[in-house]
Amino acid sequence: MIEFELNGQKVKTDEAPDTPVLWVVRDTFKLMGSKFGCGAGLCGACTMHLDGVAIKTCVLPISAVAGQSLTTIEGLSADGNLHPLQVAWQAYAVPQCGYCQSGQIMSAAALLESNPNPSEADVEAALAGNICRCGCYPRIKKAVLAASESGGLFKNALASEERV
Amino acid sequence: MKIENMSRRRFLKTTAVVGGGVVVGFSLGGCSTSAPLPIDVAEGGFIPNAFLQILPDNTVKFYTARDEMGQGVTTGLSTLLGEELDFDPFKMEILLAGVHEDYNNPGMGVQGTGGSNSIHAHFEPMRQAGANTRALILLAAAQDLGVNRDYLKTKDGHVIFDGQLFPYGRFVQTAAGLKVPENTPLKASSEFHYIGRESGRVDALAKSTGAAVFGIDVDLPGMHYAVVRRSPVPGAKLVGYNRTATESMKGVTQVVEVASGVAVVAESYWQAKKAADQMDIAWEDVPLGRVDSADIRADYELALNSDDGLTGTDEGDLTSGFAVSDQVLEHEYWTPFLSHAPMEPMNAVVDIKEGWADVWSGTQGPGAAQGLVARFAGLDPSKVRVHQTYLGGSFGRRGTLTHIVEATQIALAAGKPIKLIWSREDDLRNGLYRPASLMRVKAGVDRDGKIAAWDAKRVGGNISPDTIKNLLPALFPGLGDTVIDWIGGMADGAFSDWVADPSSTEGLFEDYDHLNTRVTHATVNHGIPLTFWRSVGHSYTAFAKESMIDELAVAGGHDPVGFRINNTENNPRLQNVVRIAGERMKQMTTAQGRHLGLAAHHSFLTDVAEIAEVSVENGQIKVHKVVCVVDCGTAVNPDVVRAQMEGGILFGLTAALHGEHLIEGGAVKESNFHDYPILRMNEAPDIEVVIVESQGKPTGVGEPGLPPIAPAVANAVFRATGERLRSLPLRLKA
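All figures in this text were calculated on a predicted structure; none of them were measured in a lab.

### Overview of the overall build of chain B
Turning to step 1, where the next piece is worked out: Looking only at helices and strands, chain B features 19 helices and 29 strands.
Turning to step 2, where the next piece is worked out: Taken against the 2.2 N^0.38 rule, which gives 27 Å for 734 residues, the C-alpha radius of gyration of chain B at 27 Å falls within 12% of a compact globule.
Turning to step 3, where the next piece is worked out: The dimensions of chain B, computed from C-alpha atoms along their principal axes, are 80 × 70 × 45 Å.
Turning to step 4, where the next piece is worked out: Residues classed as buried in chain B amount to 63% of the 734 residues present.
Turning to step 5, where the next piece is worked out: Total accessible area computed for chain B in this model is approximately 26,300 Å², and 51% of it derives from carbon and sulfur atoms.
Turning to step 6, where the next piece is worked out: Averaged over its 66 positive side-chain charges, chain B has a centre that lies 3 Å from the centre of its 88 negative ones.

This is the structure in structure tokens:
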């Protein structure tokens, strides 16, 4: 039995210890926001936070999170309001198919946590492990910078007040 | 597949009464079924047509008939209907429609999404559905309020009378008893309120919180998971495998042989995956198993340099065209096999019980999915419910539904709900591919800088036969396997013997003025499965055509903008985007070491010109900025148009800089993103999209952004290095 914290709740599982965290979170705990993209830690669709650090969970065995705290996209904003990144994602109409976006947002959120005012290069480095096949990169970059401390979230946003 | 334009009158007709409401259905063939709409009717819900349910509390539910794969069609169609209904699409509850005749694509005649046609094909019908519904609500309001209809106006979901606002929902009970007006006049474009408005996307919130449901997210009680092992060499049949050992693995509940290979069913995905991975499988030895990339290329060269092939277009007289040419160039261009690699690997959930089948999967062909499940489950299509989900990318890949066939066969054998999940390795190695192409263009330019002769030949596989074979069982679920195989075989013959497959040579010659033109096609097909890939034939023909145009301009000392303008007199819309791009090029100040390349292309009724700003350092090509000029008629949602241009450009840049599948022993060599790299954020240029003002009917945007980017980059690389790259992906000589 492996015990850990999932979005602030204590949970336990008897899945095999080598089962990747992603599948336990999705299929045992039914949190479907984190996605399967490559199964090899190459695309970042499965990104969650382990004790606040962005981590690819499709290659992380569930045994590795015992006693630690895991946060998924569903638990990103503890107070139930949208995270500034999620507001920015709408303001810049970032998603296309949307499949990679949970991972993109989790990587970006970890970046802003450790570096509230990233440069463009910082954003590119932090999100280098997240593939978007639809080609949302220019908007992702703009949205992360807008959600940063000095970004001015609604500056240049398209009719954001109507939609947010 | 194309059907003729239907009249609005035939398109909108009363078909049935459901849940106390009048149902107005879109009917295409005049042979409408009486099948109920796949809509859950809420208490008091009014369903004026297949796309709408209006509740007494003024909730408006919009049922999106086309499939949302990221192209923004939920936003676009709800905008069209909302414009005439006078209801803000951002206040609608957006749902994905099930399968019903009323949801057929007016441009296809079946329920499918593709060819960048959704907004074009629905521009009138979707607005008409909104206009008729608004007219009906006004009739009901006039009756309920006891006033003349002429005194009523509407504003964003409300009827206005005497300065008072009444929500539409207040009148739905009365509306349900009235006849739906037909052919209500549509607004002039000058009156548009939502069409053309700068707005976001209706699906952005769900896609920023993890709430959007994709096929892979569907979860049923008692569901088991399946993983399939397929032959690495397409078409090789199963010979043998360690069944007993596999069945004894922890969690495994079944091992099922399916048409494509062996499926392992287990209580969890990980158990199924581990058991499938350890399987020791022998596959049949097939001739394709001895084919490598070099063999394919050699066979293409042979066909290119022989008299093989058949002539499609043949206009004017090439001999005299070349005789008057000052410059004659002849070059070969190569483009490889490619995967779509959508971020969501193929998957499907199928549940078969009590004479019904339910299938959940994001697909470009829900209508075909219904037919396929019916066929393989032995049910009538009316007993198959297709639950459409968001598509985690597609780019053509989810138009083929072999994964749904697999899931159906497994669910039938397992006797329980099944979720089938392909791995990324399955996706890249067992997929259907953008065909490889070898193209040769010989072209001549006369002393006035006019193209006088254009002789083009393409060698490669055809897409349509594979597509027909995959879709036949879906379109004719009642036909036996033998008949399907026979027709499928005919399809092969039909496309081998005649250059009839428009996907194979589209875009290779059409854009520029040239009186003397010949296009030849030689089909060489080794058995690598092929399908539509974003922008289809244009994805490779534009590279050959726009590279050659640039080479001709350079050779003749012509300005590449002026040369294109001079040769597009019969294509004014393309000429105009080139002219605008040319003006932008003059304004662009390029930093030291950066160079500009231009390309333009017409596809899916849309004209696009792109400028790539490129540098080459240490043999590495870096694209810094792309300016894209697009004329797609009326931009229904300008920001979605911009997003699709950005997406098409970046998808095309992956192909230009990285994309290549190699074949080894008949199998695709690459297996995951380490050896089939996708463009990452640090490689993505800034993109500026210029949308040409237009009141024209909207044309495609999902695909047309892609074709010009590879030649634009290659043309810039030539200016940076003097080296002309005629193969994709672009690689400089060391």
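### Points about the pattern of salt bridges
Turning to step 1, where the next piece is worked out: Under the defined criterion, the tally for this structure stands at 45 salt bridges over all chains.
Turning to step 2, where the next piece is worked out: As a salt-bridge pair, K207 of chain B and D203 of chain B come within 2.8 Å of each other at their nearest N and O atoms. Comparing K207 of chain B with D203 of chain B, the two get one shared label, buried.
Turning to step 3, where the next piece is worked out: When the shortest N-O distance is used, the salt bridge between R290 of chain B and D285 of chain B registers 3.3 Å.
Turning to step 4, where the next piece is worked out: Residue classification places D285 of chain B among the exposed residues on the basis of a relative accessible area of 62%.
Turning to step 5, where the next piece is worked out: Residues participating in the shared-partner salt-bridge network are R139 of chain A together with E198, D639, R642 and E646 of chain B.

### A look at unusual backbone geometry
Comment: phi is negative for the bulk of residues other than glycine, and the bulk of peptide bonds are trans.
Residue and element names in this part refer to chain B.
Turning to step 1, where the next piece is worked out: The linkage connecting L728 with the following residue, P729, adopts the cis geometry, with an omega of -5°.
Turning to step 2, where the next piece is worked out: Turning to its location among the elements, P729 is positioned in the segment after α19 (709-721).
Turning to step 3, where the next piece is worked out: Phi at E354 is positive, roughly 50°, even though this residue is not glycine.
Turning to step 4, where the next piece is worked out: Mapping E354 onto the fold places it in the loop between β17 (347-353) and β18 (356-361).
Turning to step 5, where the next piece is worked out: At F395, a residue that is not glycine, the phi angle is positive and equals roughly 65°.
Turning to step 6, where the next piece is worked out: Within the element layout of this structure, F395 appears in the loop between β19 (384-388) and α10 (402-414).
Turning to step 7, where the next piece is worked out: Looking at F395, the relative accessible area reads 10%, which means it is buried.

The rules behind each value
- Residues numbered from 1 in each chain as written.
- Chains lettered and ligands numbered in written order.
- Predicted model: local features only at pLDDT ≥ 70, side-chain atom pairs only at ≥ 80, totals over all residues.
- Heavy atoms only, no water.
- Helix = DSSP H or I, 4+ residues; strand = E, 2+ residues; numbered from the N terminus.
- Rg over C-alpha atoms; globule rule 2.2 N^0.38 Å.
- Buried < 20%, exposed > 50% of the residue type's maximum accessible area, 1.4 Å probe, protein only.
- Areas by Shrake-Rupley, 256 points an atom, 1.4 Å probe, with all protein chains shown as cover.
- Lys, Arg positive; Asp, Glu negative; His and termini not counted.
- Charge placed at Lys NZ, Arg CZ, Asp CG, Glu CD.
- Salt bridge = Lys/Arg side-chain N within 4 Å of Asp/Glu carboxyl O.

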